[in-house]
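Geometric and topological summary
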Amino acid sequence: MSLIALYVEVPFATFRQSHAREYGKTYPVPPPSTVYGMLLSLVGETDAYKHCGVQLAIAMLSQPRKSKVLRKLHRFKVKDYSDSRNTILEYQEILTDIKFMVWVASGEERVQPTLAERVEQALMHPTSVQRFGCLYLGESNDLVNVVKLVSDDYRGESRRWLIRDDEGLITLPYWVDHVGSRGTRWLRYRLQEISTQSPPESSWTTISVPFCKHL
Amino acid sequence: MSGDAIRWALRYYWQQQCYAVNRFWNADTFKNILIDEDFDPVRFIDDDVLGYMKTEAAKEEIIEEDSETQGKQDNGKRSKKTKGKSISRLGALGVNRAISLTPYNRTRTFNAKSGGDKDRTSLHFHEYHNTRYQYGFALDPNHLKDKSRIFAVIDGLMSIRKVGGHNNVFCYDFSPESMVFRWTQKNSPHFFYCFEQHSLEVEPIISSDLIEQVEVEDIDGNELWIGGKIAKNLHLKDAHIFLGREQAVADLKRVIARDLDLTEFQPSS
C-alpha cells in the first residue's frame, strides 16, 4: 500500500463554509476536500476525479486562531462593471498559523501512478512535474509556506486528529461540487488529541463520489 | 492588509508605467474601468500576472414537462436548459496578507473638523499604527504568457506606493525597506514572514528560523537574494547579500534572465 506523510504550513487561510453567503464563515480546520485540491495542484492534476478512492488522514499540529476582517466583495448586479452596486463590504473570517500533517494512502485508487506516488515525485523532483501557478490552501491568496515529506514521528508534539464521528460537531466536505452544490458530500468529525504517531483507523477519509468515473 | 490591496497597487503601478492593463483605475471618478470584458492575458499584463474570472449567467432556462409529455410537440416543449459559464485564469502571482511587525499599541489622534457645518462627526478620534509591514508573494514565471513580465512584477513590488489606508492618506511608502527573494524550483518557499522586530526601538532582523534552515541546508543559501537594511552585518552561507536594494534586484534579474533565457528586461508592448 502506497502511503506517505506530509507536513503542511500555511500562515493565513480561510476555508469558506459550504453554506456561507455574504458573511465569509470559515471551517476551523482544513476540510479533506480542500487538502485534496491542494495535492492535485501540487502534482499539476486538473481532473478532480482522477484520484478518487485516495484516503486522507489529518492531524492538526497548531490551534489556528480566528480573526474577522472586512473585505470588498465583487458581485455582478448590473452589467456595467464599474457600477458601485457591484461592490459590497462584507466580513470574512480568516485563520492564522495553520500547521498540520496529512497522510495520503492510495491503496484503493485504480489509476497509476497513484496520488501518493505523484506527490512524492513532485516533492522530491519538482522539475519533473508539469504544474502551473502557486500552491494555495483555500482561497487563491492563501499561499502555502511549507509542504514537505516527513516521517510518522515528525515533530513529536501533541496531535489533534480529525476523527470521523457521526455525532461530531465539525461538519466538513470531503467532496465539493463547484457547479451547484448537489454533488457536495460531507462527513462529521471531532478533533481529538491521541498520542499515536500513525493515523487511527477512524481518522481516514476516502475521497469518493458515487459517479466517480475512475472507480 | 489584504493581498488584494497589494495586487491593486501593483496594477496601478503598471498603469502609471504605461503597461497595457485591462482594469484601468480612473483616479478622477474613483472607478475601475474594464477595457476588454473577454480578458486577454497576452495583451494585458494584469490578466496574465493576476488572473481573472468571467462569469456568465444562464441566458435561458426552461424546466418543464415530465417524460410522458416529451415528444408531443403540441402539448409539451422539449427541455431546454442552457448553463451559465465561467472563463477563468489562475494568476501567476500569489500575494499573502501584509502583517505588522509590531503589535498595535492603541495610538490615536484627536481631531476636529474645520469649517462648514458642525455635526456629530466634528470631533473624532483616529487610530493609527506606526509600524512596518511584511508580506510574502510567490510567482510561477512558467505560467506567464510573457515570461519577461516577471521583471515588471519585481519592479512593481520595489516601487509600490498606494496600499490600503484612507483615500486621502496614501502618502506612506509601501515599497520594501528590506527584502528576501528565493529563486527556486521548490514547490513552497519555506521562509514567509521571516522578519522579526521585538520592539519599536530596535531594528528588524531576519528570523532565527530562516537562518537555521540555511545553516542545516534545508534552504540552499545560493537561492536567496537579501537586500536592504536587514542585510547589515548579516552573514548567511552562500546567500547573495546586498546592502543596496537596487543592487540585490539587479543581480537577481541577471540570474533570472539567464535561467529563463530572456535577453532583455524591457517590458513587452
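This one's a predicted model, so the numbers in the text were calculated from it and none came from an experiment. (Residues numbered from 1 in each chain as written. Chains lettered and ligands numbered in written order. Predicted model: local features only at pLDDT ≥ 70, side-chain atom pairs only at ≥ 80, totals over all residues. Heavy atoms only, no water.)

Remarks on the interface of chain A and chain B
Interface size, as often reported, equals the accessible area lost upon joining of the parts. What counts is decided by this rule: In what follows, residue pairs with any heavy atoms lying within 4.5 Å of each other are defined as contacts. Here the buried area means the combined drop in accessible surface, using a 1.4 Å probe, for two parts upon being joined, counting both sides. Any Lys or Arg side-chain nitrogen found within 4 Å of a carboxyl oxygen on Asp or Glu counts as a salt bridge. Here a polar contact is taken to be a pair of N or O atoms separated by no more than 3.5 Å, where protein atoms must pair a possible hydrogen donor with a possible acceptor and residues adjacent in sequence count only if both atoms sit in side chains. Every helix listed is a DSSP run of H or I at least four residues long, and every strand listed is a run of E at least two residues long, numbered separately from the N terminus. In this classification, Asp, Glu, Lys and Arg are treated as charged, Ala, Val, Leu, Ile, Met, Phe, Trp, Tyr, Cys and Pro as nonpolar, and every other residue, Gly included, as polar.
Listed as interface residues are 29 residues of chain A and, on the opposing side, 34 residues of chain B. Between chain A and chain B, roughly 2500 Å² of surface is buried when both sides are summed, and carbon and sulfur atoms account for 56% of that area. Of all residues in chain A, the largest losses of buried area upon contact with chain B belong to Phe12, Tyr81 and Asn141 of chain A, amounting jointly to 25% of the total for that side. Put simply, chain A and chain B have 0 salt bridges between them. Counting across the interface, chain A meets chain B through 9 residue pairs in polar contact (both at pLDDT 80 or more). Secondary structure elements with two or more residues in the side of chain A that touches chain B: strand S1 (3–13), strand S4 (87–105), helix H2 (115–124) and strand S5 (146–150) of chain A. When residues in the side of chain A that touches chain B are grouped by element, the largest group, 3 residues, is from S5 of chain A. A per-class count over the side of chain A that touches chain B returns 18 nonpolar, 7 polar and 4 charged.

Here's the deal with the nonpolar core
The cut-off we apply is this: Residues belong to a common nonpolar core when they are buried Ala, Val, Leu, Ile, Met, Phe, Trp, Tyr or Cys residues joined through side-chain atoms within 4.5 Å. Three exposure classes are used, based on accessible area relative to the maximum for each residue type with a 1.4 Å probe and protein chains only: buried under 20%, partly exposed in between, and exposed over 50%.
In terms of nonpolar packing, the biggest core is built from 43 residues, with Leu6, Leu39, Phe100, Val104, Leu115 and Val119 of chain A touching the most fellow members. Looking at this core, the elements that each hand over two or more residues are S1, helix H1 (32–43), strand S2 (55–60), S4, H2 and strand S7 (170–175) of chain A. Apart from residues lying up to four places away in sequence, Leu39 of chain A is in contact with Leu6, Leu56, Val104, Leu115 and Val119 of chain A. The next biggest cluster of nonpolar side chains, apart from the first, holds 38 residues, and it includes Ala5, Val21, Leu50 and Leu144 of chain B.

Here we look at the sheet that holds strand S16 (residues 224–228) of chain B
All names here are of chain B. As a reminder, the rule being used: Only strands that DSSP links by at least two bridges are regarded as paired with each other. Lines fitted to C-alpha atoms define the axes, with helix axes restricted to the stretch in contact, and inter-axis angles between N-to-C directions lie between 0 and 180 degrees.
Pairing in this open sheet of 3 strands is mixed, and the strands run S13-S16-S17 from one edge to the other. Here the strands that pair on one side only, and so sit at the sheet edges, are strand S13 (178–182) and strand S17 (240–242). Taken pair by pair, the neighbouring strands of this sheet meet at an average axis angle of 10 degrees, ignoring direction. Two strands pair when backbone bridges link them, and S16 and S17 are joined in this way by 3 bridges, in the parallel orientation. Note on S17: the bridge partner recorded for Ile226 is Ile241. Contacts between helix H5 (residues 245–259) and the sheet are confined to S13, S16 and S17, with S16 contributing the most and set at about 155 degrees to the helix.

Looking at the packing of H1 of chain A against H2 of chain A
If you want to describe how two helices pack, look at the angle between their axes and the distance between the axes. Residues and elements named next belong to chain A. Stated precisely, the cut-off is as follows: What sets the label is the angle itself: under 35 degrees gives roughly parallel, over 145 gives roughly antiparallel, 65 to 115 gives roughly perpendicular, and the rest give oblique. Throughout, a crossing is termed right-handed when the near helix is turned clockwise from the far one, and left-handed when it is turned anticlockwise from it by less than a right angle.
One can describe the packing of H1 onto H2 by two numbers: an axis separation of 9 Å at closest approach and a directional angle of 55 degrees. Looking at the two axes, H1 sits oblique to H2. Of the two elements, H1 crosses H2, and the hand of that crossing is left-handed. Between H1 and H2, the contacting residues are Tyr36, Leu39, Leu40, Leu42 and Val43 on the first element and Leu115, Arg118, Val119, Ala122 and Leu123 on the second. Residue composition of the contact of H1 with H2, by class: 9 nonpolar, no polar and 1 charged.

Quick word on the environment of Tyr174 of chain A
By secondary structure assignment, the location of Tyr174 of chain A is in strand S7. Residues Tyr174 of chain A and Asn145 of chain A, 29 residues apart in the sequence, show an inter-C-alpha distance of 23 Å.

Quick look at the pairing of strand S9 (residues 108–112) of chain B
Residues and elements named next belong to chain B. Little of S9 is tucked away: 0 of the 5 residues are buried. In this sheet, strand S10 (residues 123–127) lies alongside S9 in antiparallel orientation, the contact comprising 5 bridges. Pairing of Phe110 across the sheet is with Phe125, part of S10.

Description of the packing of helix H1 (residues 3–16) of chain B against helix H3 (residues 149–159) of chain B
Residues and elements named next belong to chain B. Axis separation between H1 and H3 bottoms out at 9 Å; the angle between their running directions is 110 degrees. Classified by the angle between their axes, H1 and H3 sit roughly perpendicular to one another. Here Ile6, Leu10, Tyr13 and Trp14 of H1 come into contact with H3, specifically with Ala152, Val153, Asp155, Gly156, Leu157 and Ser159. Split by residue class, the contact of H1 with H3 holds 7 nonpolar, 2 polar and 1 charged.

Observations regarding H3 of chain B
Residue and element names in this part refer to chain B. Burial analysis of H3 places 9 of its 11 residues in the buried class, which makes it a mostly covered element. Within the sequence span of H3, burial applies to Arg149, Ile150, Phe151, Ala152, Val153, Ile154, Gly156, Leu157 and Met158. Buried residues in H3 make contact with H1, helix H2 (45–50), strand S7 (93–95), strand S12 (137–139), S13 and H5.

Quick look at a nonpolar patch on the surface
For the record, the criterion: Nonpolar side chains (Val, Leu, Ile, Met, Phe, Trp, Tyr) within 5 Å and like charges within 9 Å form the patches, drawn only from residues with over 30% relative accessible area and no salt bridge. Calculation of accessible area relied on Shrake-Rupley with a 1.4 Å probe; when residues are assessed, cover is drawn exclusively from the protein chains displayed.
A cluster of nonpolar side chains, namely Tyr23, Leu70, Leu89 and Tyr91 of chain A, defines an oily patch on the protein surface of about 390 Å² accessible area. Mapped onto the elements, Leu70 of chain A comes out in strand S3 (residues 65–74).

Comments concerning the side chain of Asn86 of chain A
All names here are of chain A. Locating Asn86 in the fold gives a position in the loop between S3 and S4. Judged by relative accessible area, which is 2%, Asn86 ranks as buried. A polar side-chain atom of Asn86 sits 3.1 Å from the main-chain amide nitrogen of Val78. Non-local contacts of Asn86, meaning those with residues more than four positions away in its chain, are made with Leu73, His74, Arg75, Phe76, Lys77, Val78, Asp80 and Tyr81.

Description of the pattern of salt bridges
All names here are of chain B. Scanning all chains against the criterion turns up 23 salt bridges over all chains. With a shortest N-O distance of 2.7 Å, Asp38 and Lys54 are connected by a salt bridge. Here Lys54 lies in strand S3 (residues 51–56) and Asp38 lies in the loop between strand S2 (31–34) and H2, a separation of 16 residues in the sequence. Here Lys229 ties to Glu203 by a salt bridge, and the two come within 3.5 Å at their closest N and O atoms. Pair noted here: Lys229 is in the loop between S16 and S17 and Glu203 is in the loop between strand S14 (195–196) and strand S15 (205–206), with a separation of 26 residues, a long-range link. When salt bridges that share partners are traced, they join Arg132, Glu177, Glu203 and Lys229 into one network.

Some words on the packing of aromatic side chains
The condition is simple: Stacked, tilted and edge-to-face are the three classes assigned to paired rings of Phe, Tyr and Trp, where Trp is represented by its six-membered ring and a pair needs centres within 6.5 Å; plane angles under 30 degrees give stacked, over 60 edge-to-face, the rest tilted. Either the NZ atom of lysine or the CZ atom of arginine qualifies as a charge over a ring when it sits within 6 Å of the ring centre and within 35 degrees of the ring normal.
One pass over the full model with this rule turns up 15 aromatic pairs over all chains. The interplanar angle of 40 degrees and the centroid separation of 5.1 Å between the aromatic rings of Tyr49 of chain A and Trp175 of chain A together place this pair among those described as tilted. Of the two residues, Tyr49 of chain A sits in the loop between H1 and S2 while Trp175 of chain A sits in strand S7, which places them 126 residues apart along the sequence. With relative accessibility at 5%, the residue Trp175 of chain A sits in the buried group. Measuring from ring centre to ring centre gives 6.1 Å for Phe137 of chain B and Phe181 of chain B, while their planes differ by 75 degrees; the resulting arrangement is edge-to-face. Of this pair, Phe137 of chain B sits in strand S12 while Phe181 of chain B sits in strand S13, and the two are 44 residues apart along the sequence. A connected cluster of aromatic rings, assembled from ring pairs, spans Phe12 of chain A together with Phe191, Phe192 and Tyr193 of chain B. Here the basic side chain of Lys68 of chain A rests over the ring of Tyr91 of chain A, its NZ or CZ set 4.9 Å away from the ring centre. Taking the ring centre of Phe125 of chain B as reference, the NZ or CZ of Arg108 of chain B above it sits at 4.7 Å.

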